[in-house]
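Each chain is listed here by its residues.
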Amino acid sequence: MHDQFDVFVSVVEMGSFSTAAKKLHKSPSAVSKQMAALEQAHATQFFDRTTRSLNLTEAGKIYYAHCKEMQHRIRNVSKELDSLAGNPAGEIRITWPAGLAYSRAAEALGEFAKQYTEVRFDIVATNDVVNIKEEGIDIAFRTSPKESSDLVGIELFEVRPMVCASPDFIDRHGPLKQLSDLAEVPNILPSYMNLVQKMRPSFPELAQLKFEEQHRASDIAAMLNLCRNGLGAALLLEHIVERELQSGELVNVFPDLPVPNLPVYMIHHRLQHTPQRLRVFIDFFKRYFLYPDEVTGIDRCD
């Protein structure tokens, strides 16, 4: 059955039976028979076959996601067993939104890697909410808590949002004295969420600010650069703009605005047996952020 999983994944990723057969050193007919047997065993069709293409059905997409997760876990089993008597080893797959790639989570990751040199990381930086189970994610860092009971969410630290603009932008549009003034000037908003809608319950002054009438960008680094070049005011995170604020390239438009900080959670699976590399990772991050006095040998930047 395990061989069928590998063959199925290869067929999907190679896009054809013949190409997968070459990779696996099998005959195309052998691969075709295995896939037919797999579909028969599950009484469902995984592939839409045409003379020119091979596409996954909805059932095939679900099965592929589970096969990839299984492959990811199986790959680490031998390394986990080998490391029982030695240092933690293997791969940890992490996801975080792009804004956290510049945060203290990355700082802590660097310190962890110095101590555990045999652990590798596969980091998925995306603003999409990744399905942790289907994508084989071990650890997720998010600004929202866990969404199901089979996950554990631990609040580690907070990030501070602030509205920033370039001095040139302020000179051209005049000083912004209150939030409602944002409706009168260009803004740069994240395209992956309607930030205005999310903020209105706490800040009704934004009622006149129209999301669809503003500049938008799908990447926070792009938002920062556009803001720095005077395209508009932008809601950014303090840890991302520290250098620009210190150098004077950007200014905090509303320094006294009581914008609530965003908590950052570390989310992981609730497992009966947690692999050693994940145990030490979770414990390290909990100590680093929640019990810093217990972290020794680390020059931390608080």
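No experiment lies behind these values; they were computed from the predicted model shown.

Calculation criteria
- Residues numbered from 1 in each chain as written.
- Predicted model: local features only at pLDDT ≥ 70, side-chain atom pairs only at ≥ 80, totals over all residues.
- Heavy atoms only, no water.
- Phe/Tyr/Trp six-rings, centres within 6.5 Å; stacked < 30°, edge-to-face > 60°.
- Helix = DSSP H or I, 4+ residues; strand = E, 2+ residues; numbered from the N terminus.
- Buried < 20%, exposed > 50% of the residue type's maximum accessible area, 1.4 Å probe, protein only.
- Lys NZ or Arg CZ within 6 Å of the ring centre and 35° of its normal.
- Core = buried A, V, L, I, M, F, W, Y, C linked by side-chain atoms within 4.5 Å.
- Contact = heavy atoms within 4.5 Å.
- Pairing = 2+ DSSP bridges.
- Axes fitted to C-alpha atoms, helices over the stretch in contact; angles between N-to-C directions.

Caption draft 1: Summary view of the packing of aromatic side chains. Under the defined criterion, the tally for this structure stands at 18 aromatic pairs. Centre to centre, the rings of F8 and F46 are 5.6 Å apart; their planes meet at 65°, and the pair counts as edge-to-face. Of this pair, F8 sits in helix α1 (residues 2-14) while F46 sits in the loop between α3 (28-42) and β1 (47-49), placing them 38 residues apart in sequence. Taking the relative accessible area as the measure of exposure, F8 reaches 0% and is therefore buried. Their ring planes at 40° and their centres at 5.5 Å tell us that F141 and F285 sit as a pair that is tilted. Taken together, the residues F141 in strand β5 (residues 139-142) and F285 in helix α10 (residues 276-290) connect sequence positions 144 residues apart. The pair formed by F141 and F285 is uniform in burial state, with each residue classed as buried. Connected via pairs of aromatic rings, a cluster forms that spans W96, F112, Y116, F121, F141, F157, F281, F284, F285, Y288 and F289. In this arrangement the basic side chain of R104 is found over the ring face of F157, its NZ or CZ atom lying 5.7 Å from the centre.

Caption draft 2: A look at the nonpolar core. Membership of the largest hydrophobic core comes to 42 residues, with the highest contact counts inside it found for I139, F141, L236, M266, F281 and F285. If you tally residues by element for this core, the top one is α10, at eight residues. Other than its neighbours up to four places away in sequence, L236 contacts R160, P161, M162, C164, I220, M223, L224, C227 and V241. Judged by nonpolar contacts, the second largest core, of 21 residues, contains A165, I170, L179 and V259.

Caption draft 3: A look at the sheet that holds strand β10 (residues 233-237). Pairing within the open sheet is mixed, and its five strands lie in the order β9-β8-β10-β7-β11. Among the strands making up the open sheet, the edge pair consists of β9 (215-217) and β11 (251-252). Bridging between strand β7 (residues 161-165) and β11 involves two bridges; their strand directions are antiparallel. Residue pairing across strands places A165 opposite V251, the latter belonging to β11. In this fold helix α9 (residues 238-247) packs onto β7, β10 and β11, with an angle of close to 115° to the strand it touches most, β10.

Caption draft 4: Region of interest: α9. Burial in α9 covers these residues: H239, I240, V241 and E244. Elements that come into contact with the buried residues of α9 comprise β6 (151-159), β7, α8 (220-228) and β10. The first or second residue beyond α9 is G248, which carries a positive phi of 90°.

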